[in-house]
Amino acid sequence: EPEVTQTPSHQVTQMGQEVILRCVPISNHLYFYWYRQILGQKVEFLVSFYNNEISEKSEIFDDQFSVERPDGSNFTLKIRSTKLEDSAMYFCASSERRGGPNEQYFGPGTRLTVT
Amino acid sequence: DQQVKQNSPSLSVQEGRISILNCDYTNSMFDYFLWYKKYPAEGPTFLISISSIKDKNEDGRFTVFLNKSAKHLSLHIVPSQPGDSAVYFCAASDQSNTGKLIFGQGTTLQVKP
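Note that this is a predicted model, so its numbers are computed, not measured.

Parameters at a glance
Just so you know, the residues in each chain are numbered from 1, in the order the chain's sequence is written. Starting at A for chains and at 1 for ligands, labels are handed out in the order in which the entities are written. In view of the model being predicted, local features appear only for residues whose pLDDT reaches at least 70, and side-chain atom pairs are presented and counted only at 80 or more, with totals across whole chains, interfaces and linings using the full set of residues. Side-chain numbers come from the whole structure's heavy atoms, not from hydrogens or water. Numbering goes from the N terminus for both helices and strands, where a helix is a DSSP run of H or I of at least four residues and a strand is a run of E of at least two. In this description the radius of gyration comes from C-alpha coordinates, and the expected globular size is given by 2.2 Å times residues to the power 0.38. Working rule for contacts: check all heavy atoms of both residues, and any pair within 4.5 Å makes them a contact. At least two DSSP bridges between two strands are required for those strands to pair. Ring geometry is summarised as follows: Phe, Tyr and Trp rings, the Trp one being its six-membered ring, pair when their centres sit within 6.5 Å, and such pairs are stacked at plane angles under 30 degrees, edge-to-face over 60 and tilted between the two. Here the term buried applies to any residue with accessible area under 20% of the maximum for its type, exposed to any over 50%, and partly exposed to those in between, with areas from a 1.4 Å probe on protein chains only. Disulfides are defined in this document as cysteine sulfur pairs within 2.5 Å. Two parts lose some accessible area (1.4 Å probe) when they are put together, and adding that loss for both gives the buried area. The salt bridge criterion pairs a side-chain nitrogen of Lys or Arg with a carboxyl oxygen of Asp or Glu, the two atoms within 4 Å. Only Asp, Glu, Lys and Arg are considered charged in this grouping, and only Ala, Val, Leu, Ile, Met, Phe, Trp, Tyr, Cys and Pro are considered nonpolar; every other residue, Gly among them, is considered polar.

## Section: the overall build of chain A
A tally of regular secondary structure across chain A gives zero helices and eleven strands. Across chain A, helices and strands are ordered from the amino to the carboxyl terminus as β-β-β-β-β-β-β-β-β-β-β. Taken over the C-alpha trace, chain A has a radius of gyration of 13 Å; the compact-globule value for 115 residues is 13 Å, and the two agree within 12%. Referenced to the eigenvectors of the C-alpha coordinate spread, the extents of chain A come out at roughly 40 × 30 × 30 Å. Expressed as a percentage of contacts within chain A between residues at least 6 apart in sequence, the contacts between residues at least 24 apart total 55%.

If you want it as structure tokens, here you go:
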């Protein structure tokens, strides 16, 4: 069964450093997303991406964040200068459709720890 | 801005009995609702969904009920099994077609053998 994969599973970085989280969405999916979950809190939407453009981004997704689909398979989230409060689980998701029944399939997540 | 709320942080049921997980929402523009299940150290796994034009959707042991007038939905699991023990998230999407899902806080279900 096709699945979303994410690397690395755990990333430790120092405050102010840049990190890139990588995702390989399901191959026939066209819509891609990043979410995060701070420990003990709800899963929060960060950004949606389609046709090489951001469709929507949340207030969390400020100028420190960027997304890219550098090739036909990878989807990346970059945080330019990490802050302590960026520590969270980051989930990538993909879907076949955008509206209506857009069941999104999630990867296993990357645990980002900023020290 | 809690547009999707799961007011019960935890639920414990006996194996074989029914589990009922509840979810309330405030945004009448939501047109699609989904339930996800999450085990520790894994991503959310899609379980079942329902369109706002329906009031019930069933898939095996899982049934989702939607009461639009009350802005309430529930997930029924019958019969509950120990392997169902996980965190269950309710999520909603609106008609903006950006695909954004808004999640509730989650309910931890424990099914006791």
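Having seen it, we continue.
## Section: the sheet that holds strand 6 (residues 56–59) of chain B
All names here are of chain B. In space, the five strands of this open sheet follow the order 1-3-8-7-6, with antiparallel pairing throughout. Sheet topology places strand 1 (4–5) and strand 6 at the edges, where each strand pairs with a single neighbour. Examined bridge by bridge, strand 7 (residues 62–67) and strand 8 (residues 72–77) share six bridges and lie antiparallel to one another. Looking across to strand 8, one finds that Val64 is bridged to Leu75.

## So, the packing of aromatic side chains
Tallying each qualifying case throughout the model produces 19 aromatic pairs over all chains. Summarising the aromatic geometry, the rings of A:Tyr33 and A:Tyr35 are spaced 6.4 Å apart at their centres and angled 40° between planes, so their arrangement reads as tilted. Since its relative accessible area comes to 0%, A:Tyr33 is described here as buried. With centroids separated by 6.3 Å and ring planes inclined at 65°, the aromatic side chains of A:Tyr105 and B:Phe46 adopt a geometry described as edge-to-face. Taken together, the positions of A:Tyr105 in strand 10 (residues 105–106) and B:Phe46 in strand 5 (residues 45–51) put the pair across two chains.

## Brief notes about the state of the cysteines
Scanning the entire structure with this criterion turns up two disulfides over all chains. Covalent S-S linkage joins A:Cys23 and A:Cys92, the inter-sulfur distance amounting to 1.9 Å. Linking A:Cys23 and A:Cys92, the disulfide has an S-S dihedral of approximately -65° and is accordingly described as left-handed. Here A:Cys23 is found in strand 3 (residues 19–24), whereas its partner A:Cys92 is found in strand 9 (residues 88–95), with 69 residues between them in sequence. Residue classification places A:Cys23 among the buried positions, given a relative accessible area of 1%. By relative accessible area, A:Cys92 is classed as buried at 0%. A sulfur-sulfur distance of 2.1 Å marks the disulfide that ties B:Cys23 to B:Cys90. With the S-S dihedral at roughly -70°, the linkage between B:Cys23 and B:Cys90 falls on the left-handed side.

## Some words on unusual backbone geometry
Looking along the chain, the bond that leaves A:Thr7 and enters A:Pro8 is cis, with omega of -10°. By the element assignment, A:Pro8 lies in the loop between strand 1 (5–7) and strand 2 (10–13). Residue B:Pro79 follows B:Val78 across a cis peptide bond; omega there is -15°. As for its placement among the helices and strands, B:Pro79 is situated in the loop between strand 8 and strand 9 (86–94). Even without being glycine, A:Asn51 reaches a positive phi, approximately 55°. When you line up the elements, A:Asn51 lands in the loop between strand 5 (43–50) and strand 6 (53–57). On the basis of relative accessibility, which here comes to 59%, the residue A:Asn51 falls in the exposed class. For B:Lys71, which is not glycine, the phi torsion reads 50° and is therefore positive.

## Describing the interface of chain A and chain B
Taken together, the contact between chain A and chain B spans 21 residues of the former and 23 residues of the latter. Roughly 1,800 Å² of surface becomes buried between chain A and chain B when both sides are summed, with 58% attributable to carbon and sulfur atoms. There are one salt bridge connecting chain A and chain B. Considering only residue class, the side of chain A that touches chain B consists of nine nonpolar, eight polar and four charged.

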